[in-house]
Amino acid sequence: MIADCQDIFANFRHQSPSFFAINAGCSFAGGRYGQKSIYSNYDNPYEINVPKLPLTGNSAYNVLGFATPGISVNANGAWYFMKFLGIGMRAAINQNFLSCNSLEKEYTSAYGDGYNFDFKTTDFYYFAFINPALFVSLPINKSLFVSLEAGFGPYYTHFPTYRCTYICDNAVITETTKTDDNWDFSFYFAMGLKYRTQGRVGLNLDLAYGEVYSEYKLNTDYNPGNTVETVAPLFYNNLSLSLGIIFYFGKIENFDLED
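Positions within a chain are numbered from 1, following the residues in the order the chain's sequence is written. Given that this is a predicted model, residues contribute local features only at a pLDDT of at least 70 and side-chain atom pairs are listed and counted only at 80 or more, while totals for whole chains, interfaces and linings are drawn from all residues. As a rule here, side-chain values come from all non-hydrogen atoms in the structure, and water together with hydrogens is ignored.

So, the overall build of the chain
Part 1 of the reasoning: Secondary structure is summarised from DSSP: a helix means a run of H or I of at least four residues, a strand means a run of E of at least two, and numbering begins at the N terminus for each. Within the chain, the regular secondary structure consists of three helices and 13 strands.
Part 2 of the reasoning: To sort residues, take the accessible area from a 1.4 Å probe on protein chains only and compare it with the maximum for the residue type: under 20% means buried, over 50% means exposed, and anything in between is partly exposed. Split into buried and exposed, the 259 residues of the chain put 45% on the buried side.
Part 3 of the reasoning: The contact rule is simple, with two residues in contact once any of their heavy atoms fall within 4.5 Å. For the chain, the proportion of contacts with a sequence separation of at least 24, taken over those separated by at least 6, is 75%.
Part 4 of the reasoning: A 1.4 Å probe and the Shrake-Rupley method give the accessible areas. Residues count as covered only by the protein chains that appear here. As displayed, the chain offers around 13000 Å² of accessible surface, 60% of which is attributable to carbon and sulfur atoms.

As structure tokens, this is what we get:
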């Protein structure tokens, strides 16, 4: 045990190697973004001119996203100007699916007999950013590093276009809801476990959390061709877990320890 601790502290004498990594994995929606049931305080009357994603509250509408897990692709890299402290950048895009089945179930349950909901979409949620960041890397042994990073910068969010068809008073009504994409600024945090093989290539396990608040103007077209606009904020909070390849560059110090 004492010898292991001595090995770790001995590694701290060396500077962390600069790197570039490419990762892919799963994207998980959190909070109201991933919520798939209508909240108990849902108090908007069901009307034609209300977009069919649930809105909660009287004045500050908060959209429940009904987002399911999806795909995450990201790249990050850093240059270490001090032993354990570096500057770098992360670029990421996260795709999540809109759960039409959950929407149909929740609305049918909430509004009961007389309504028959059918939700359709071929679109997705997108949550993307390119952020400068600070990096901290701590060597565990000659091949294994733990890295921490935090960044702030521009975020791009895309809200899916979807269609809702339902029966109301023996009439079939079809609504299509869409909105423009948004840009805003926010932050992210990430933690990585980096394994360096012999040479300049290794493996990277990456866990990242990002969030951004976007306010959308939802435009709903409904029969017989009228359009209604509703302002609806959505708070994206997203957790991604990914695995990738890491490339080390610049000077790579020898982490082999003396006996």
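What about the environment of Leu239?
Part 1 of the reasoning: For Leu239, the location among the structural elements is in strand E13 (residues 226-249).
Part 2 of the reasoning: Assessed through its relative accessible area of 36%, Leu239 is described here as partly exposed.
Part 3 of the reasoning: For the pair Leu239 and Cys26, spaced 213 residues apart in the sequence, the C-alpha separation amounts to 8.5 Å.
Part 4 of the reasoning: Leaving out residues up to four positions away in the same chain, Leu239 has contacts with Cys26, Ser27, Phe28, Leu207, Ala208 and Tyr209.

Quick look at the confidence of the model for the chain
Part 1 of the reasoning: Residue-level pLDDT values for the chain average 81, and 80% of them are 70 or greater.
Part 2 of the reasoning: Confidence scores here are pLDDT values: one per residue, from the predictor, ranging 0 to 100. Scored below 50 in pLDDT, residues 255-259 makes twelve contacts in the model with residues more than four places away or belonging to other chains.

Comments concerning the side chain of Ser27
Part 1 of the reasoning: Locating Ser27 in the fold gives a position in strand E1 (residues 18-29).
Part 2 of the reasoning: For Ser27, the side chain forms a polar contact with the side chain of Asn96, separated by 3.2 Å. Contacts described as polar in this section are N or O atom pairs within 3.5 Å, which, within protein, must combine one atom able to donate a hydrogen with one able to accept it, while residues neighboring in sequence count only if both atoms come from side chains.

Quick notes on the side chain of Ser102
Part 1 of the reasoning: You can see Ser102 is positioned in helix H3 (residues 100-111).
Part 2 of the reasoning: One polar contact links Ser102 to Ser99, side chain to side chain, over a distance of 2.8 Å.
Part 3 of the reasoning: Non-local contacts of Ser102, meaning those with residues more than four positions away in its chain, are made with Lys36 and Phe66.

What to know about the pattern of salt bridges
Part 1 of the reasoning: Salt bridge, as used here, is a side-chain nitrogen of Lys or Arg placed within 4 Å of a carboxyl oxygen of Asp or Glu. Across all of its chains, the model carries three salt bridges by this definition.
Part 2 of the reasoning: Between Arg90 and Asp206 there is a salt bridge; the shortest N-O distance is 2.8 Å. Note that Arg90 is positioned in strand E5 (residues 85-98) and Asp206 in strand E12 (residues 201-222), a separation of 116 residues in sequence. The pair Arg90 / Asp206 is uniform in exposure class, with both members buried.
Part 3 of the reasoning: For Asp118, the salt bridge goes to Lys120, with nearest N and O atoms at 3.9 Å.
Part 4 of the reasoning: Taking the relative accessible area as the measure of exposure, Asp118 reaches 28% and is therefore partly exposed.
Part 5 of the reasoning: When its relative accessible area of 42% is taken as the criterion, Lys120 is described as partly exposed.
Part 6 of the reasoning: Through salt bridges with shared partners, one network takes in Arg90, Glu149 and Asp206.

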